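Survey of secondary and tertiary structure
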Amino acid sequence: MSAFFGFSGILLALISSGAIALRGFLKADKAGLRLPVLGLLIGSIVAMGALELALLTNDFSVSYVAAHHARSTPLIYAIATAWAALEGSIVLWGLVLAVFTFAMYRRDRLNDTVWRFALATMGVISLFFFGMMATIANPFEVCTAVFEGRCIETTANVFASSVALLDGPGPNPLLQNHILMAVHPPVLYLGYVGFAVPFAYAIGTLMAGGNGTAWLERTRRWTLAAWTFLTLGIVLGALWSYAVLNWGGYWAWDPVENASFLPWLAGTAFLHSSVVERKRGMLRTWNVALVIATFELTILGTFLTRSGVVASVHSFTQSAVGPAILMFLIGSSLAAFGLFAARSHLIVQSPRIESLASREGVFLLNNLLLTVFAFAVLAGTMYPMLLEAFTGDQVSVGRPFFDAVASPISYVLLLAIGIGPVTPYRIAGAPIMKKRLVIPAQIALAAGAISVLSGRREFSVVVVIMLATFIVAVITKRFAELVTARPEPGLQAASHVLAGDPGFWGGQISHIGVAVLALGLTVSSALGIQASGVLEVGETITIDEFTLTNVGVFERTFPGKVSQGVTLELRRKGEAVDLLEPHLSRFNNQGPVVGTPGIHVDVTGDVYASINALDASDGSVGLDVSRYPYLFVMWVGGFVIVMGGTFSTIVRRRSRRDVAPVAVS
Amino acid sequence: MKRMMSLAVTAILATIVVVGLVQGPPSTVPYDRVLELAGQVRCPQCQVSVADSNAAVAQTMRVIIAEQVEAGRSDDEILEYFVDRYGEWVLTKPRRSGSTLLLWLLPLVGIGAGLWAIVRLRRVPS
């Protein structure tokens, strides 16, 4: 039943996508596009709903359910299973795309040619994704033969007589071990797919032969929302990696992490360069190129994570999906950049930059650094694959390479974050820059001096402490000046300043978040320490000012899961502070053992304990223990970045009449 | 007078920072050679280095590294030991020579191209 509804939904969405593309490219008004847009939305909702229905009703005649679900899977993970494997994740992708297409249809006020072509572009993208669902990534195949508890034959014919397993293997153990798994993929997809909207408007503008900056204005909030979701998705992914993967870290520069970071870098560059175009009319061709690159990087990310090119928790299987996405990546890149090349002469020449010592100049530096960063990460990620394809040589590119690239670029970026927001447009004179920067620079130096005098003399730590302090001081000083210059009382003045330019101030909140994140990241990694050993019952391991004592092993049985672990008493300077219970779990008596760390979270730093060996007979455990000072600060920074993006997206600029600008000398 | 004070404060603070940095970190965080090397050797079963993995083979390789460090072998000798057994593939930090030299040059090429474009943007009149 659910297979029938689900596949019908996919077909409806597929046909509707084709209709949107055709009607959008040919000639249609808003009324002419109404039916297919609704069809796409309803079809994708029905498909997702049917998949959830099949999972929640234990319908093991559906191939996806038979392969990825078990009766004992707890409700929340049963729901999340709908996007925990390849085919289902594409259904979710399609749903997000459909919702965005519908919103573009509803929210656009102009309904002009650009909009029509933009919708058509969305139609082409969804045509591809629903096309995959209807063929090579169909989650609604019907199981026709079972053997040894597995579905071995399936058919796309939903009317075929089906055979149902009594129970399935359940989702990938790693993916049913933490609640974040239910949240991270949808959030990331909202970010990924969100960048399709400014991309579609850019393509629409090129096709319509327009050259205006209007497409940026129209997609400003779309871009901000997409960027905010992408940022949150990456932070949640890192948090999941830290809390679940049991290796003691949160970011390994593995291709799948890079896949989400690449569009983030390009999208962040685009966010900044679009400001230059909206304020000063510059960088027009560059913005179009950048948004195309951002979109194509989201498709590359999908390819890397969904194709099996890289073996990791994200790449589910070897299937025809990989080559199909690769073809779409190549095809859409050629089409988009081809169109760009053919039409870029229509884009009006930008006005000339007056001086590099200006806000525009700092934006250029930002764009240079972010695009080179993206380029280097892309090169590092693809190099092993390309080298092997062309020469057969096998090499690895890992953390040392990425760290070597990321550190210097990040230092300069942090400096630019500090200087940029208070640099005037056109030409920045020395007196005004001195007035705005000297005191923050002195505060930053003072912070560095305090660090050095208190014994923290690691290069990266001192440099980042100074840069982060500088950023916060510059922004705080500027904000305080603007607030005190207003006649209203303090709080009211503050809210007026913020609401007077939410785009700018949301950006500054995010900048403070970046500073805080950089601080937590640098301190926790530079000053982090590790220890490991085998503990008999009653024995103790020491790390920093902490001791962990093995007070006994345990075994617990949950529905579909058996966990073995150890209870560790954590003492700080002899005083008991926490009980940690790192454990190893086995799901449905199959698959690999999944380790879960025991983590003591504290503002001043985490203690992270993971089991590498456990002997239940005598109660001895092999432990890896890490101490990460101020790691908590990094997560706070991540969420502050997201808050800034949310602020800019949601808060609307108050009109000039409400908030009269007050000149500040 | 005020300006002089400001300059003096800046100079003193800068001196403290520079002297501190030149002095280098105190030995509270021991430079962990084993961990540093483990970060440069890839775990044969996974995507990441043996420092970032707790797979059984990664643990074994960390022990091998620790033993060789103990035995007084140099970093290059230890890395070479793994390259002999697993090939270039085992290095997470590709060498700055041969087929991976290009990779290290690419970011520099990117910076160069970008700077050139910016300078050009400034010169070309509209």
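Procedures and definitions
Residues numbered from 1 in each chain as written. Chains lettered and ligands numbered in written order. Predicted model: local features only at pLDDT ≥ 70, side-chain atom pairs only at ≥ 80, totals over all residues. Heavy atoms only, no water. Helix = DSSP H or I, 4+ residues; strand = E, 2+ residues; numbered from the N terminus. Rg over C-alpha atoms; globule rule 2.2 N^0.38 Å. Buried < 20%, exposed > 50% of the residue type's maximum accessible area, 1.4 Å probe, protein only. Contact = heavy atoms within 4.5 Å. Areas by Shrake-Rupley, 256 points an atom, 1.4 Å probe, with all protein chains shown as cover. Salt bridge = Lys/Arg side-chain N within 4 Å of Asp/Glu carboxyl O. Axes fitted to C-alpha atoms, helices over the stretch in contact; angles between N-to-C directions. Parallel < 35°, antiparallel > 145°, perpendicular 65-115°, else oblique. Left-handed = near helix turned anticlockwise from the far one by under 90°. Nonpolar A, V, L, I, M, F, W, Y, C, P; charged D, E, K, R; others polar. Domains from an automatic or database assignment. Buried area = accessible area lost by both parts, 1.4 Å probe. Polar contact = N/O pair within 3.5 Å; in protein donor to acceptor, adjacent residues only side chain to side chain. Phe/Tyr/Trp six-rings, centres within 6.5 Å; stacked < 30°, edge-to-face > 60°. Lys NZ or Arg CZ within 6 Å of the ring centre and 35° of its normal.

Along chain B, the regular secondary structure elements total five helices and zero strands. The linear arrangement of helices and strands in chain B, starting from the amino end, is α-α-α-α-α. Relative to the 2.2 N^0.38 estimate, which gives 14 Å for 126 residues, the radius of gyration of chain B is 23 Å and therefore markedly larger than a compact globule would have. The principal-axis extents of the C-alpha atoms in chain B amount to approximately 65 × 50 × 25 Å. The 126 residues of chain B split such that 32% are buried. In chain B, 40% of the contacts between residues at least 6 apart in sequence involve partners at least 24 apart. A total of about 7,700 Å² of accessible surface is found on chain B, and carbon and sulfur atoms cover 63% of it.

What follows concerns unusual backbone geometry. All names here are of chain A. Phi at Asp544 takes a positive value of approximately 55°, unusual for a residue other than glycine. Structurally, the position occupied by Asp544 is in the loop between strand S4 (540-543) and strand S5 (546-558). In this structure Asp544 comes out as partly exposed when scored by relative accessible area, which is 46%. Not every positive phi belongs to a glycine, and Lys573 is a case in point at roughly 50°.

Our next topic: the pattern of salt bridges. Residue and element names in this part refer to chain A. Summed over the entire model, instances satisfying the criterion amount to 18 salt bridges over all chains. Arg218 is the salt-bridge partner of Asp108, the closest N and O atoms lying 2.9 Å from each other. Taken together, the residues span a long stretch of sequence, with Asp108 in the loop between helix H5 (86-107) and helix H6 (113-134) and Arg218 in helix H9 (residues 214-244) at a distance of 110 residues. Take Asp108: its relative accessible area is 8%, and that puts it in the buried class. In the salt-bridge network here, residues are joined through shared partners; they are Arg280, Glu354, Glu360 and Arg426.

Residue and element names in this part refer to chain A. H6 packs onto helix H1 (residues 2-25) with a crossing angle of 150° between their chain directions and a minimal axis gap of 7 Å. Between H1 and H6, the crossing angle belongs to the class labelled roughly antiparallel. For the pair H1 and H6, the crossing hand works out as left-handed. Among the residues making up the contact of H1 with H6, the classes are represented as 16 nonpolar, seven polar and two charged.

Okay, the domain arrangement of chain A next. Residues and elements named next belong to chain A. Assigned domains within chain A: domain 1 (1-174) and domain 2 (530-632). Computed from C-alpha atoms alone, the centre-to-centre distance between domain 1 and domain 2 is 41 Å. Where domain 1 abuts domain 2, roughly 510 Å² becomes buried across the two surfaces, and 57% of that area is made up of carbon and sulfur atoms. Considering only the surface of domain 1 that becomes buried against domain 2, Ser72, Pro169 and Pro173 emerge as the three largest contributors, covering 79% of it. Across the contact surface, domain 1 and domain 2 share zero salt bridges. Here domain 1 is connected to domain 2 by zero residue pairs in polar contact (both at pLDDT 80 or more).

Let us now look at the side chain of A:Ser16. All names here are of chain A. Assignment of secondary structure puts Ser16 in helix H1. Residue Ser16 is classed as buried on the basis of its relative accessible area of 6%. Polar side-chain contacts of Ser16 include one of 2.6 Å to the backbone oxygen of Leu12. Beyond its immediate stretch of four places on either side in the chain, Ser16 contacts Pro36, Gly39 and Leu40.

This part covers the packing of aromatic side chains. As enumerated under the stated definition, the model contains 31 aromatic pairs over all chains in all. Centroid distance A:Phe25 to A:Phe117: 6.2 Å. Interplanar angle 35°. Geometry classified as tilted. Of this pair, A:Phe25 sits in helix H1 while A:Phe117 sits in helix H6; the two residues are 92 residues apart in sequence, bridging distant segments of the chain. Plain terms: the ring middles of A:Tyr411 and A:Phe459 are 6.4 Å apart, the flat faces sit at 70° to each other, and that makes the pair edge-to-face. You can see A:Tyr411 sitting in helix H14 (residues 399-419) and its partner A:Phe459 sitting in helix H16 (residues 459-484), a full 48 residues away along the chain. Three or more aromatic residues link up through ring pairs in this structure, and these residues are A:Trp227, A:Trp251, A:Trp253, A:Phe261, A:Trp264, A:Phe373, A:Phe401, A:Phe402 and B:Trp104. Above the plane of the ring of A:Tyr425 lies A:Arg359, whose end atom (NZ or CZ) is 4.8 Å from the centre. A cation over a ring is seen here: B:Arg96 above B:Trp104, with NZ or CZ 4.1 Å from the ring centre.

So, on to the environment of A:Gly168. Residues and elements named next belong to chain A. With respect to the helices and strands, Gly168 occurs in the loop between strand S2 (150-155) and helix H7 (180-194). Judged by relative accessible area, which is 14%, Gly168 ranks as buried. Separated by 99 residues in the primary sequence, Gly168 and His69 have C-alpha atoms spaced 5.4 Å apart. Discounting chain neighbours no more than four positions away, the residues touching Gly168 are Phe60, Ala66, His69 and Ala70.

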